[in-house]
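# Survey of secondary and tertiary structure
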Amino acid sequence: AVPRTRILATGGASHNKKILQVLSDVFSAPVYTIDTTNSACLGSAYRAIHGLVAEMNVSLADVVKSAPEPRLAVTPTAGAEEV
């Protein structure tokens, strides 16, 4: 089974519910946000950490276990996929 898609929105636009709703409706997926300063940099920071510990067979999943938990912001509007 294909895992369900979810969107993680960061940066200034992630505070605009209308933009998040459009993303959710277009991609038919829930949108999550992280309430962390400079959250847009988190992905690259975790990939850098993963690169440093890769020789020790540490998975990216193990590296991001310490990441802040995303918060559900919006879900797709019913019937949006028909539009």
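Provided above is the structure to which this section pertains.
Right, let's walk through the structure included here. Predicted, not measured: the structure shown is a model, and the values here were computed from it. (Residues numbered from 1 in each chain as written. Predicted model: local features only at pLDDT ≥ 70, side-chain atom pairs only at ≥ 80, totals over all residues. Heavy atoms only, no water.)

## Section: helix α2 (residues 42–53)
The α-helix advances 3.6 residues per turn, and as a result positions three or four apart in sequence lie on the same side. Test applied: By definition, any uninterrupted DSSP run of H or I lasting at least four residues is a helix, any uninterrupted run of E lasting at least two residues is a strand, and each is numbered from the N terminus. Each residue after the first adds 1.5 Å to the expected span of a helix. Remark: exposure states derive from per-residue accessible area (1.4 Å probe, protein chains only) relative to the maximum for the residue type, with buried under 20%, exposed over 50%, and partly exposed in between. Relevant arc is that of directions from the helix axis to the C-beta atoms, nothing else. Any pair of residues with heavy atoms lying within 4.5 Å of one another is described as a contacting pair.
Counted at 1.5 Å a residue, the expected span for α2 with its 12 residues is 16 Å, and the 17 Å between its end C-alpha atoms agrees. Buried residues of α2: Leu-42, Tyr-46, His-50 and Val-53, and no others. End-on view of α2: buried residues confined to an arc of 75°, all on one side of the axis. Away from the buried face of α2 by more than 90 degrees, exposed residues Ser-44 and Leu-52 are located. Buried residues belonging to α2 abut α3 (60–63).

## Considerations on the nonpolar core
One broad trend across soluble globular proteins is that nonpolar side chains are buried collectively. We apply this condition: By nonpolar core we mean a set of buried residues, namely Ala, Val, Leu, Ile, Met, Phe, Trp, Tyr and Cys, connected to one another through side-chain atoms within 4.5 Å.
Listed in full, the seven residues of the largest apolar core are Ile-7, Ala-9, Leu-20, Ala-29, Val-31, Ala-73 and Val-74. For this core, the elements supplying multiple residues, two or more each, are β1 (7–9) and β3 (71–74). In this structure, Ile-34, Tyr-46, Val-53 and Val-63 belong to the second largest nonpolar core, which totals five residues.

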